[in-house]
Number of protein chains: 2
Amino acid sequence: MHILLTNDDGYFAPGIQTLYEVLANHNGYDVSIVAPDGQRSATGHSITLFNPLFVTEHLLKESFKGFAISGTPSDCVKLAIQGELIPKPDLLISGINQGPNLGTDIFYSGTVSAAMEGVLLGIPSIAVSLASFEYQDFEPAAAYLAENLNLFLKLNHKGLINLNLPGKPRHEWQGLKVTRLGKAVYENIFEQRTDPRGRLYYWQSGTMTPDNESDTDLRAIQEDFISITPVHSDLTDYASLSFWTEVLAKK
Amino acid sequence: MHILLTNDDGYFAPGIQTLYEVLANHNGYDVSIVAPDGQRSATGHSITLFNPLFVTEHLLKESFKGFAISGTPSDCVKLAIQGELIPKPDLLISGINQGPNLGTDIFYSGTVSAAMEGVLLGIPSIAVSLASFEYQDFEPAAAYLAENLNLFLKLNHKGLINLNLPGKPRHEWQGLKVTRLGKAVYENIFEQRTDPRGRLYYWQSGTMTPDNESDTDLRAIQEDFISITPVHSDLTDYASLSFWTEVLAKK
């Protein structure tokens, strides 16, 4: 099995490097890396149409290669597969992200969007995130994924697997929960500041409000569970289609 | 009714300016504009977390205001509504985009993502695109939207309306079709070139292959119909949820 790794924290981020170490060196998988050449968090599913993409090759072991790309996570996946930078992968894993990717926030996520790009190109895809911006030990999360990879691959469907792990030592994890995407709600989103020339600007931030729903990914992570969510790629609202057809037929 | 206009082609793009002219001046709606200060096509649902957002105010008539923002389309919607740049709108319209936003391509679209951000913030939202990169007359599309706005608002659901109009004179339009999102497939995606210093780079482009499905937005536009698609915001794959729960319970 040939695995493509990508992320949105950049090629040299500890999350993806630890995942490579665990999958390729400890577990013997064939692994290629095609990842952005720097931080691309919150770039969503953006792609680069108005600028060239430069590629820097890094050595990995044996015949598998690592490439750092001057674009977005989705550019990386497209260039890897459609641009044939690497042999066609059997599996794409995006991550391990530093920070959660939960609920409606996945629309903003470069990590999840890279996995969605894999789905659009017909590759089974998993997005993996460590649900903390501070906790730095990615090894337990990488080991957990490696241990359960075959189990997760049996879940194959037409979408992606969104996996979030507690940003805590493994003995504090409460187990695995299958969840739906919750609604990420923030408070105090924009901070107003003044630049050295006296011009007003806004800085986007905000604190997430706790989720009170019982079955969401947000709630699972609040309670230190591992959250796994099936995510699909068809944004058509089929429930509305027939009603719309009826109303608009009168037109 | 107070309408917020945004887009991804930038504040001064003819599509949004024509739409403002038709909605505010010809039809008397209260309209605010909060749009990027330049071209932001294909930025998807990206948001700006690591840079400040600057705001330039432009005069519109009476008490409604226009703001050009140094960020993405989704930043504009968040800043307009969560940052309270303008009074809370009753409706968000994103566009009129120069170029189609159809099928799986809507993941990349700044235009559709801005409308999706509206949905996430509880505002009824419409994304409007003129399905040509060359045809420059936005007036018929803007007039069509104004004429049918009340009808479209009756379709209210929890998602957004994705509207694409043929990039042709109105007498060539074949009517309105309610569609599902198709699968946008491209050929010859990456062109390899060499820069003046001899470095290899890739430029992303590609030509879309025709869609043979009968009920998609892609097909409707191929046949010069107006396409209207109900788009939802919940990426959870509920069909897989119970199966996953069963499989993973054994773990």
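Every chain is numbered independently, its residues counted from 1 as its sequence is written. As a convention, the first chain written is A and the first ligand written is 1, with the rest following in written order. Confidence filtering applies because this is a predicted model: local features only for residues at pLDDT of at least 70, side-chain atom pairs given and counted only at 80 or more, and all residues used for totals across whole chains, interfaces and linings.

## Focus: the overall build of chain A
Assigned secondary structure in chain A consists of 6 helices and 13 strands. For chain A, whose C-alpha radius of gyration is 19 Å, the value lies close to the compact-globule estimate of 18 Å for 251 residues. By its C-alpha atoms, chain A is 60 × 55 × 45 Å across when sized along the principal axes. Buried means a residue has 20 or more other C-beta atoms within 10 Å of its own C-beta, exposed means 12 or fewer, and partly exposed covers the counts in between; C-beta atoms are placed from the backbone. Within the span of chain A, comprising 251 residues, buried residues form 50% of the whole. A separation threshold of at least 6 residues defines the contact pool for chain A, and within that pool the share at least 24 residues apart is 75%. By definition, any uninterrupted DSSP run of H or I lasting at least four residues is a helix, any uninterrupted run of E lasting at least two residues is a strand, and each is numbered from the N terminus. C-alpha atoms define the radius of gyration in this analysis, and the globule rule sets the expected value at 2.2 Å times the number of residues to the power 0.38. By the convention adopted here, residues make contact when the C-beta atoms placed from their backbones lie within 7 Å.

## Digging into the relation of the copies chain B and chain A
Between the two chain copies there is a screw-like relation: a rotation about an axis and a shift along it. Superposition of chain B onto chain A requires a rotation of 180 degrees combined with a translation of 0.0 Å along the rotation axis, giving an RMSD of 0.0 Å. Such a combination of turn and shift is consistent with a two-fold rotation axis. Looking at the interface residues of chain B, 98% of them are also at the interface in chain A, so both copies use one shared face. In superposing the copies, a least-squares fit is computed on C-alpha atoms, taking residues whose pLDDT is at least 70 in both.

## Side note on the interface of chain B and chain A
Quoted interface sizes are often the accessible area lost when the parts come together. Facing the 58 residues of chain B at the interface are 57 residues of chain A. Elements represented by at least two residues in the side of chain B that touches chain A include exactly strand 3 (53-59), helix 2 (73-81), helix 3 (110-120), strand 8 (176-178), strand 11 (200-204), strand 13 (226-231) and helix 6 (238-249) of chain B. For the side of chain B that touches chain A, the element with the highest residue contribution is helix 6 of chain B, accounting for 6 residues. Among the residues forming the side of chain B that touches chain A, the class breakdown is 31 nonpolar, 19 polar and 8 charged. As defined by bridge partners, strand 11 (residues 200-204) of chain A adjoins strand 3 of chain B across 2 bridges and the pair is classed as antiparallel. By the bridge assignment for strand 3 of chain B, Y201 of chain A is matched with F54 of chain B. Polar here means any residue outside two lists: the nonpolar Ala, Val, Leu, Ile, Met, Phe, Trp, Tyr, Cys and Pro, and the charged Asp, Glu, Lys and Arg; Gly therefore counts as polar. Here the rule is simple: two strands pair whenever DSSP picks up at least two bridges between them.

## Overview of the nonpolar core
Judged by nonpolar contacts, the single largest core of 132 residues is most densely connected at L5 and V34 of chain A together with L5 and V34 of chain B. Non-local contacts of V34 of chain A, meaning those with residues more than four positions away in its chain, are made with L4, T6, F67, I69, C76, L79, A80, L85 and I86 of chain A. Each nonpolar core consists of buried Ala, Val, Leu, Ile, Met, Phe, Trp, Tyr and Cys residues. Their C-beta atoms, within 7 Å, join them into a set.

## Here we look at the sheet that holds strand 7 (residues 160-166) of chain A
Sheet strands pair via backbone hydrogen bonds, and the direction of the pair is either parallel or antiparallel. What the 11 strands build is an open sheet, ordered 8(A)-13(A)-7(A)-6(A)-5(A)-1(A)-2(A)-4(A)-3(A)-11(B)-10(B); its pairing is mixed. If you trace the sheet from one side to the other, it starts and ends with strand 8 (176-178) of chain A together with strand 10 (190-194) of chain B, each paired once. Across the sheet, the axes of successive neighbouring strands diverge by a mean angle of 25 degrees, strand direction being ignored. The pairing of strand 7 of chain A with strand 13 (residues 226-231) of chain A spans 5 bridges and is antiparallel. Bridging across to strand 13 of chain A, L163 of chain A finds its partner in I228 of chain A. Each of strand 1 (2-6), strand 2 (30-36), strand 5 (91-98) and strand 6 (125-131) of chain A touches helix 1 (residues 14-26) of chain A; the most contacted strand, strand 5 of chain A, lies at about 135 degrees to it. Each axis is a line fitted through C-alpha atoms, and for a helix only the stretch in contact is used; angles between axes span 0 to 180 degrees, taken between their N-to-C directions. Lying over the sheet, helix 2 (residues 73-81) of chain A contacts strand 1, strand 2, strand 3 (53-59), strand 4 (65-69) and strand 5 of chain A together with strand 10 and strand 11 of chain B, oriented at roughly 135 degrees with respect to strand 2 of chain A.

## Some details on the confidence of the model for chain A
Close inspection of predicted coordinates is inappropriate for parts of the model with low pLDDT. Put simply, chain A has an average pLDDT of 94, and 98% of its residues get 70 or more. In the predicted assembly, ipTM is 0.94 and pTM is 0.95. Residue-level confidence of the predictor is what pLDDT reports, using numbers from 0 through 100.

## A short note on the environment of P230 of chain B
The topology assignment puts P230 of chain B in strand 13. Aside from chain neighbours lying at most four places away, what touches P230 of chain B is T236, D237, S240, L241 and W244 of chain A together with H157, G159 and I161 of chain B.

## Section: the pairing of strand 1 (residues 2-6) of chain B
Residues and elements named next belong to chain B. With 4 of 5 residues buried, strand 1 is to be regarded as a mostly interior element. Taken together, the 4 bridges between strand 1 and strand 2 (residues 30-36) define a ladder with parallel strand orientation. The partner of H2 across the bridge, within strand 2, is D30. When the strands point away from the viewer and the connection leading from the first strand across the helix to the second strand turns clockwise, the crossover is called right-handed. For the crossover that starts at strand 1, traverses helix 1 (residues 14-26) and ends in the parallel strand 2, the hand is right-handed. Of the pairings in the sheet, the one linking strand 1 to strand 5 (residues 91-98) comprises 4 bridges and is parallel in character. Residue L4 lies in a different strand from strand 5, and its bridge partner there is L92.

## Points about the sheet that holds strand 10 (residues 190-194) of chain A
The strand order across the open sheet built from 11 strands is 10(A)-11(A)-3(B)-4(B)-2(B)-1(B)-5(B)-6(B)-7(B)-13(B)-8(B), with neighbouring strands paired in mixed fashion. Pairing within the sheet leaves two strands with one partner each, and these edge strands are strand 10 of chain A together with strand 8 of chain B. Across the sheet, the axes of successive neighbouring strands diverge by a mean angle of 25 degrees, strand direction being ignored. Packing against the sheet, helix 3 of chain B makes contact with strand 1, strand 5, strand 6 (125-131) and strand 7 (160-166) of chain B, and its axis sits at approximately 170 degrees to strand 6 of chain B.

## Quick notes on the packing of helix 1 of chain B against helix 4 (residues 139-153) of chain B
Residue and element names in this part refer to chain B. Relative to each other, helix 1 and helix 4 sit at 40 degrees, their axes nearing to 9 Å. On the basis of the axis angle, helix 1 is oblique to helix 4. When you trace helix 1 past helix 4, the crossing you get is right-handed. Residues T18, L19, V22 and L23 of helix 1 form the contact with helix 4, whose participating residues are E139, A142, A143 and A146. Here the residues of the contact of helix 1 with helix 4 are counted per class, giving 6 nonpolar, 1 polar and 1 charged. Oblique is the label for every angle not falling under 35 degrees (roughly parallel), over 145 degrees (roughly antiparallel), or within 65 to 115 degrees (roughly perpendicular). Each helix crossing is assigned a hand: it is left-handed if the near helix lies turned anticlockwise from the far helix by less than a right angle, otherwise right-handed if that turn is clockwise.

## Description of the environment of H45 of chain A
Residues and elements named next belong to chain A. Topologically, H45 is positioned in the loop between strand 2 and strand 3. A residue is classified by how many C-beta atoms lie within 10 Å of it, and H45, with 27 of them, is buried. Expressed as a C-alpha distance, the spacing of H45 and A131, which sit 86 residues apart in the sequence, is 20 Å.

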